[in-house]
Amino acid sequence: MTRRLAQVAKKVGVSQATVSRVLNGKPGVSEATRQSVLTALDVLGYERPTQLRGERARLVGLVLPELQNPIFPALAEVIGGSLAQQGLTPVLCTQTKGGVSEADYVELLLEQQVSGVVFAGGLFAQADAPHDHYRQLAERKIPVVLVNAPIEGLDFPCVSCDDAVAVRQAWRHLESLGHERIGVVVGPADHIPSRRKLAAAREAAEASGAELPAEFVERAMFSLESGQAAASRLLDRGVTGIVCASDPLALGAVRAARRRGLAVPGEVSVVGYDDSAFMNCTEPPLTTVRQPIEAMGRAAVELLCAQIQGGEVPPGELLFDPELVVRGSTAQPPR
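Residues numbered from 1 in each chain as written. Predicted model: local features only at pLDDT ≥ 70, side-chain atom pairs only at ≥ 80, totals over all residues. Heavy atoms only, no water.

By the naming in an unreviewed UniProt entry, the chain is LacI family DNA-binding transcriptional regulator, taken from Streptomyces bikiniensis.

Trainee: For the pattern of salt bridges, give the residues involved together with the corresponding values.
Mentor: One pass over the structure, following the stated rule, counts 12 salt bridges. A salt bridge links aspartate 163 to lysine 197; its shortest N-O distance comes to 2.5 Å. Remark: lysine 197 occurs in helix 8 (residues 192–207) and aspartate 163 occurs in helix 7 (residues 163–177); sequence separation between them is 34 residues. Neither aspartate 163 nor lysine 197 differs from the other in exposure class; each is buried. Across the salt bridge formed by glutamate 323 and arginine 290, the nearest N and O atoms sit 3.4 Å from each other. (Salt bridge = Lys/Arg side-chain N within 4 Å of Asp/Glu carboxyl O. Helix = DSSP H or I, 4+ residues; strand = E, 2+ residues; numbered from the N terminus. Buried < 20%, exposed > 50% of the residue type's maximum accessible area, 1.4 Å probe, protein only.)

Trainee: Which residues make up unusual backbone geometry, and what are the values?
Mentor: Cis geometry is found at the peptide bond from valine 264 to proline 265, where omega equals 15 degrees. By the secondary structure assignment, proline 265 is in the loop between helix 10 (247–259) and strand 9 (269–274). Cis geometry marks the peptide bond from glutamate 283 to proline 284; its omega dihedral reads 0 degrees. Relative to the assigned elements, proline 284 resides in the loop between strand 9 and strand 10 (287–290). Backbone geometry places aspartate 275, a non-glycine residue, at a positive phi of 55 degrees. If you trace the backbone, aspartate 275 turns up in the loop between strand 9 and strand 10. Relative accessible area serves as the criterion here: at 15%, aspartate 275 is assigned to the buried category. Residues other than glycine seldom take positive phi values, yet phenylalanine 278 does so here, at roughly 70 degrees. Structurally, phenylalanine 278 can be placed in the loop between strand 9 and strand 10.

Trainee: Give a description of the sheet that holds strand 5 (residues 158–161) that names residues and reports values.
Mentor: Spatially, six strands are ordered 2-1-3-4-5-11 in an open sheet, and the strand pairing comes out parallel. At either end of the open sheet lies a strand with only one pairing partner, and these are strand 2 (89–94) and strand 11 (317–320). Along the sheet, successive strands turn relative to each other by an average axial angle of 20 degrees, direction set aside. Across two bridges, the pairing between strand 4 (residues 144–147) and strand 5 is parallel. (Pairing = 2+ DSSP bridges. Axes fitted to C-alpha atoms, helices over the stretch in contact; angles between N-to-C directions.)

Trainee: Break down the nonpolar core for me, with residues and values.
Mentor: Residues Trp171, Leu212 and Ile242 are the most contacted members of the largest nonpolar core, which totals 67 residues. Sorting elements by how many residues they give to this core places helix 11 (residues 293–308) first, with eight residues. Residues Val63, Leu137, Ile151 and Ile192 belong to the second largest nonpolar core, which totals 25 residues. (Core = buried A, V, L, I, M, F, W, Y, C linked by side-chain atoms within 4.5 Å.)

Trainee: Account for helix 8, naming residues and giving values.
Mentor: Here helix 8 spans 23 Å end to end across 16 residues, near enough to the 22 Å set by a 1.5 Å rise per residue. Within the sequence span of helix 8, burial applies to Ile192, Pro193, Ser194, Lys197, Leu198, Ala200, Ala201, Ala204 and Ala205. If you follow the buried residues of helix 8, they end up packed against helix 7, strand 6 (182–186), strand 7 (217–219) and strand 9. Directly after helix 8, the chain includes glycine 209, whose backbone phi takes a positive value near 80 degrees. (Expected span 1.5 Å × (residues − 1). Contact = heavy atoms within 4.5 Å.)

Trainee: So what about the sheet that holds strand 12 (residues 323–325)? Which residues, and what values?
Mentor: With respect to topology, six strands assemble into an open sheet ordered 7-6-8-9-10-12, the strand pairing being mixed. Two strands close off the open sheet at either side, each with one partner strand: strand 7 and strand 12. Mean inter-strand twist for the sheet, computed between neighbouring axes without regard to direction, equals 20 degrees. In this structure, strand 6 lies alongside strand 7, joined through three bridges in parallel fashion. Pairing of valine 186 across the sheet is with arginine 219, part of strand 7. Contacts between helix 10 and the sheet are confined to strand 6, strand 8 (241–244), strand 9 and strand 10, with strand 9 contributing the most and set at about 160 degrees to the helix.

Trainee: Which residues make up the pairing of strand 10, and what values go with them?
Mentor: In the sheet, strand 9 pairs with strand 10 via four bridges, with the strands oriented parallel. Its bridge partner being in strand 10, tyrosine 273 is matched across the sheet by valine 289. Of the pairings in the sheet, the one linking strand 10 to strand 12 comprises three bridges and is antiparallel in character. When the sheet's bridge partners are listed, threonine 288 is paired in strand 12 with valine 325.

Here's what the structure looks like:
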């Protein structure tokens with residue numbers, strides 16, 4: 001017990017006597033200090049005293065689908081910083097192959113009595129994936145915010161980059177350079193943002209008086225290697241421009257072209273999506289569509305805090321406009 005008091009006191013920067021007063025429900029401690037002590041208990045992995053367990057921790061679950069795509073660590077940094085400004089501590093839950101499942105993470109977060117959860121990607125973006133753990137959060141009335149895809153049938157607030165606008169920007173850019181044979185690389189068939197991007201690509205082709213042939217569409221997992229394989233198949237079919245659903249997919253497309261001895265952008269143009277870290281340092285620097293993750297991350301935290309404080313948050317999706325960033329991976333097609 002003495003060791004626990006000392007650890008919590010050191011974490012918060014108060015005396016052991018102050019920690020003891022909080023744990024025993026005694027007066028004489030400010031509300032801010034009291035909350036800091038309870039949060040420290042949660043962070044250090046100690047159980048709250050029985051009489052305090054009904055109170056929600058100042059912890060917020062931040063669930064990420066992976067860390068290999070640089071956009072997710074960047075988004076986590078924005079959201080984590082915004083949460084800290086609100087006096088909330090993020091609990092990072094990252095999925096790995098064969099590791100803890102998303103449903104298990106939700107159980108863990110519920111045990112920790114978190115104040116809310118932000119899902120910055122995950123199974124909610126896959127229409128065919130199990131969604132029972134999201135319904136469990138809704139039934140328990142835990143504040144939740146989703147990033148980049150809503151869940152049909154659940155009215156969680158959602159913050160998204162406008163997929164349709166992103167694809168239209170990329171498509172028009174390639175068309176303006178003179179490309180006519182444009183292919184797309186998107187995610188799996190049940191991935192909601194990929195569905196929206198593909199629908200927008202078809203609309204963009206139709207707006208130009210053409211159509212997007214089925215053989216100019218490839219699906220991939222969101223990795224460089226998968227992007228390379230998908231782009232290789234498109235190159236077999238003679239495309240000169242490729243619009244990709246993520247920056248790693250686009251880097252895979254650049255690699256696929258080079259493995260064939262094709263110059264980027266001299267013979268093949270590639271457009272990514274996200275504008276994640278270091279895309280201006282690749283060779284060539286990647287033309288991509290930037291997600292406004294700063295604004296999206298802050299909006300996600302604002303929506304979550306409004307729910308935590310008992311405010312009314314309108315259901316539905318907040319759409320943020322992306323921005324085309326033209327660099328060195330796009331040019332006129334070969335004559």
